[in-house]
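Inside the fold
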Amino acid sequence: MGFVGTAVKRKEDFRFLTGGGTYTDDINRPGQVHAYVVRSPHAHANIKKIDKSAAEKAPGVVAIFTGADYAADKKGGLPCGWLIHSKDGTPMVEPPHPPLVADRVRHVGDQVAVVIAETRDQAKSAAELIDVQYQELPAIISTGDAAKPNAPQVWEQAKNNTCYDWHLGDKAATDAAFAKASHVTKIDIVNQRLIPNAMEPRAAIGDFDRATGDYTLYTTSQNPHVIRLLMGAFVLQIPEHKLRVVAPDVGGGFGSKIFHYAEEAIVTWAAGKLGRPIKWTADRSESFMSDCHGRDHVTHAELAMDKDGKFLGLKVSTTAAMGAYLSTFASSVPTYLYATLLAGVYATPAIYAEVRAVFTNTVPVDAYRGAGRPEATYLLERLVDKAAREMKMDRVEIRRKNMIPANAFPYQTPVALQYDSGDYQSTLEMALKASDYAGFEKRRTDAKAKGKLRGIGISTYLEACGIAPSAVAGALGARAGLYESAEVRVHPTGSVTVFTGSHSHGQGHETTFAQIVADTLGVPMESVEISHGDTNKVQFGMGTYGSRSLAVGGSALVKALDKVVTKAKRIAAHLMEASVADIEFKDGAFKVAGTDKSVPFGQVALTAYVPHNYPITELEPGLDEKAFYDPLNFTFPGGCHICEVEVDPETGVVQVVKFTAVDDVGKVINPMIVEGQVQGGIAQGIGQALIENCVYDNKTGQLLTGSYMDYTMPRADDVPSYDVQTHNTMCTHNPLGSKGVGEVGAIGSPPAVINAVLDALGPVGVSDITMPASPHRVWQAINTVKAAAE
Ligand code: MCN
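Just so you know, these numbers come straight off a predicted model, no measurement behind them.

Conventions adopted
- Residues numbered from 1 in each chain as written.
- Predicted model: local features only at pLDDT ≥ 70, side-chain atom pairs only at ≥ 80, totals over all residues.
- Heavy atoms only, no water.
- Helix = DSSP H or I, 4+ residues; strand = E, 2+ residues; numbered from the N terminus.
- Rg over C-alpha atoms; globule rule 2.2 N^0.38 Å.
- Buried < 20%, exposed > 50% of the residue type's maximum accessible area, 1.4 Å probe, protein only.
- Contact = heavy atoms within 4.5 Å.
- Lys, Arg positive; Asp, Glu negative; His and termini not counted.
- Charge placed at Lys NZ, Arg CZ, Asp CG, Glu CD.
- 1 Å grid on protein atoms, 1.4 Å probe; cavity = no way out; pocket = protein on both sides within 12 Å on 5 of 7 lines; lining within 4 Å.
- Points joined across faces, edges and corners; volume = space filled by probe spheres on them.
- Nonpolar A, V, L, I, M, F, W, Y, C, P; charged D, E, K, R; others polar.
- Core = buried A, V, L, I, M, F, W, Y, C linked by side-chain atoms within 4.5 Å.
- Pairing = 2+ DSSP bridges.
- Axes fitted to C-alpha atoms, helices over the stretch in contact; angles between N-to-C directions.
- Domains from an automatic or database assignment.
- Buried area = accessible area lost by both parts, 1.4 Å probe.
- Salt bridge = Lys/Arg side-chain N within 4 Å of Asp/Glu carboxyl O.
- Polar contact = N/O pair within 3.5 Å; in protein donor to acceptor, adjacent residues only side chain to side chain.
- Near = heavy atom within 4 Å.
- Areas by Shrake-Rupley, 256 points an atom, 1.4 Å probe, with all protein chains shown as cover.

What follows is about the overall build of the chain. When helices and strands are counted, the chain shows 19 helices and 28 strands. Relative to a compact globule of 790 residues, whose C-alpha radius of gyration would be 28 Å, the chain shows 28 Å and is just as compact. Projected onto the principal axes, the alpha-carbon positions of the chain cover approximately 95 × 75 × 50 Å. Of all 790 residues assigned to the chain, the portion counted as buried reaches 62%. Taking the contacts inside the chain whose residues are at least 6 apart along the sequence as the reference set, 80% of them involve residues at least 24 apart. A distance of 2 Å separates the average location of the 76 positive side-chain charges in the chain from that of its 88 negative side-chain charges.

In total, this model carries eight cavities of 30 Å³ or more according to the counting rule given. If you add up the space inside the largest cavity, you get close to 160 Å³. Lining the largest cavity we find 18 residues, and of these Leu78, His97, Tyr261, Ser290 and Pro364 sit closest to its centre. Within the lining of the largest cavity, the residues separate by chemical class into eight nonpolar, seven polar and three charged.

What follows covers the nonpolar core. Residues Tyr419, Phe659 and Leu690 are the most contacted members of the largest nonpolar core, which totals 154 residues. A total of 10 residues in this core trace back to one element, the largest contributor, which is helix H18 (residues 744-761). Other than its neighbours up to four places away in sequence, Leu690 contacts Val654, Val656, Val753, Val757, Pro772, Ala773 and Ser774. The next biggest cluster of nonpolar side chains, apart from the first, holds 48 residues, and it includes Val528, Leu561, Ala608 and Ile669.

What follows is about the sheet that holds strand E21 (residues 528-531). Spatially, four strands are ordered E21-E20-E19-E25 in an open sheet, and the strand pairing comes out mixed. The sheet is open, and its two borders are formed by E21 and strand E25 (624-629), each paired with just one other strand. With strand direction ignored, the average angle separating the axes of adjacent strands in the sheet is 15°. Bridge count for strand E19 (residues 484-490) against strand E20 (residues 496-500) is five bridges, and the pairing is antiparallel. Note on E20: the bridge partner recorded for Glu487 is Phe499. Taken strand by strand, helix H14 (residues 509-521) contacts E20 and E21, and its axis lies near 135° from that of E21. Here helix H15 (residues 549-575) sits on the sheet in contact with E19, E20 and E25, set at roughly 145° to E25.

Here we come to the sheet that holds strand E27 (residues 654-664). Taken together, the four strands give an open sheet; going across it, the order is E18-E26-E27-E28, and neighbouring strands pair in mixed fashion. Strand pairing shows two members of the sheet lacking a second neighbour, strand E18 (453-462) and strand E28 (722-726), which therefore form its edges. Each adjacent strand pair in this sheet contributes to an overall mean axis angle of 10°, direction not counted. Pairing analysis gives 10 bridges linking strand E26 (residues 638-647) to E27, with the strands arranged antiparallel.

A word on the domain arrangement of the chain. By a widely used convention, the size of an interface equals the accessible area lost when the partners come together. Entries for the chain in the domain assignment read domain 1 (13-19 + 30-137 + 200-251 + 257-290), domain 2 (294-467 + 633-789) and domain 3 (483-629). Put simply, the middle of domain 1 and the middle of domain 2, counted by C-alpha atoms, are 36 Å apart. With 30 residues of domain 1 at the contact, the number on the domain 2 side is 29 residues. Regarding the contact of domain 1 and domain 2, the summed buried area is about 2500 Å², with carbon and sulfur atoms giving 67% of it. Taken as a group, Trp82, Phe259 and Phe288 account for 26% of the area that domain 1 buries against domain 2, more than any other trio of residues on that side. Glu354 is the partner of Lys87 in a salt bridge, and the nearest nitrogen-oxygen pair spans 2.7 Å. In this assembly, domain 1 and domain 2 are joined by 10 residue pairs in polar contact (both at pLDDT 80 or more). The element that contributes the greatest number of residues to the side of domain 1 that touches domain 2 is helix H8 (residues 284-290), accounting for five residues. When the residues that make up the side of domain 1 that touches domain 2 are grouped by side-chain class, the tally is 17 nonpolar, seven polar and six charged.

The next point concerns the site of the ligand. Inspection of the region around the ligand gives 32 residues, with Gly253, Gln507, His509, Gln677 and Val741 positioned closest. Separating an oxygen atom of the ligand from a backbone N or O atom of Phe254 is a distance of 2.9 Å. In the environment of the ligand, an oxygen atom lies 3.0 Å from a nitrogen or oxygen atom belonging to the backbone of Leu550. Coverage of the ligand by the protein amounts to 95% of the 840 Å² it exposes when considered alone. At the level of secondary structure, the elements contributing two or more residues to the shell around the ligand comprise H14, H15 and helix H17 (671-691). With three residues, the single largest contributor to the shell around the ligand is H17. Its residues assigned to classes, the shell around the ligand shows nine nonpolar, 18 polar and five charged.

Glancing now at the environment of Glu56. Position of Glu56 among the secondary structure elements: in helix H2 (residues 53-56). Residue class for Glu56 comes out partly exposed when judged on its relative accessible area of 41%. Look past the residues within four positions of Glu56 in its chain and what remains in contact with it is Val61 and Ile64.

And the structure:
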């Protein structure tokens, strides 16, 4: 008891740290064969001919399927889960997305054929014997150029490569605000494309039982029920009761394993055709070219202010890359997860945002840790810093002046969201204090004496987690509900299994959810098991993304626990021959109020399953309750991140020397897990700010950063030890009071880092830099200014 709010060590870590986890690639089914996917070497080309005759004779080959075979079976394409309408009311362009393409490839890595053989090496060797004749076509790679009139077209039906041209906010009110502004700050921002890198690459095993007609897919997924729904209903037309999707231990996802991928459908479909289990596991470079990428925005924004630096209006125009196809949630990211966040923590009265989503001959872009919210935060916080410089105001002062005050909640923004709670001033003040902002100038001077340029950067951010409610999301184009479910099964001896639709792939739900159960039922943590990731065990679930698991999945768990306690009280009342109204439940025991009569939870559990002398006409046996919880609103974490850097002007190397984060995540279940989540997110944010960059050759569409030789991930010596704190205001509409934490680090940190880099470079005359602020870019920026001055 008293587990909630304490730093309980993670239950799952013994399994993971001792190599006892079971990941998809650890699973082997009897009679299993292996798949290798033949991928396009071209960014854009017509498939003229595929000759698979030599490959079919290669050792071990069981079958080879192409896009033509898939099309002949009349199976479906991968669907997109969110319909966006353009300004003019027309629906977005939704091109076909077959798992195997038959006629035209549209990005390097597009799936052309699958070779199935007894071993993976045999499949790979045979794939080299397949002769695919391509007729190359011009490709469009650059997001910023995609909508230009002469750009090559990815899809005929998408004129100017435009998927949708959407807007949000009040244009007239924003124009009016600009008309009365005394100063307008303008900024052009690129939020570069990132390649997600979970520790475990994607993998899938398709299995088919001829005797029963049942399919099973084992897959590296964050949301197995969603995959079952999409693949069953839209792609392969397998009814849910004949399709089991299992997402066992998953080694991280960071968003990239939300989506329904082609390979999942390919192995399941082919398993049905061959009657043998088929395993596919990506290698790292294959992941680079087939996993959905993140970010990739090009934006122009303008902030109108009065003479005192008070924000009057904000105009934002963004082009967002979708890649060659629409991935599962791609369309929602630069719209409802981005533009709705453009108020941030500020009381800007009028905001108008336009978003053009474009197709390019690249891998699809979809949600990646933060998804839209890091892009909004980066834009705002860069803009606010620039405004402060232009207005000759202090960077802290301009933020204080424009923040939504702590007494203004609930606060309705001009971009649809209504924030329920927050205290942005306090998180700012705490971060200023913890980072010793006041003492910074001395540190700058000391660094200068060592030949280093030191800078400090601030980012005050707001996040929206757990998209909700389903009714609102549905009205905005979501093609799914956004609730979560939990079942609490109390066993006869009083131990408990929870079945949750939230998938844990690093977040520690097996611990935090068990903390909630142990406290509510008064049972030991060891007596609670959290089961997730198997559609044949768990009732239903929308899965894990958008930092929704605690706020939505945890709330479903609370609701189910309430039902368990309610029923258990009735059993206890029967056992103690008392009225239900007199039964109190505390510390694992049911008591009759005002008496010393009490029965422990375990005895009630046993009675539920051994109902001798039980009022069976009034009370069902068993103690097993379920709840579905649809939230009333998002949760709104917020906070302040402050970064301090030292730049070596000779080499351009940026060292993050200090990082302070103060976040508001509502009620904390496990402070150690919360701190770990924030730290991990900051590491990703520092990676984006300083080193990570997905680069395609702009002409050929070849992925130039196709391995770790070229794509730099943050390592231990790229990140400092962090000072992570929380200052929490409670979420007002969920039963836990908790907000999400899983993405805050990746949202708040990139602008803090870049604002620090620009603060360091300000004295040498550099006023802008594009992420990642790599040594090369920083050195170039310094030397360009130097050369211009000479
Ligand atoms: N928590 C808590 N108190 C709070 C909020 C959360 O104790 N006030 C705990 C939760 O119980 C949970 C963890 O913190 O154990 C994260 O909770 P939450 O914010 O609800 O996020 P989710 O569990 O839904 O995880 C998703 C989120 C996202 S969107 C990405 S991306 C991300 C992230 O989590 N991907 C991750 N963190 C990750 N961590 C790992 N190791 N691997 C990933 O792929």
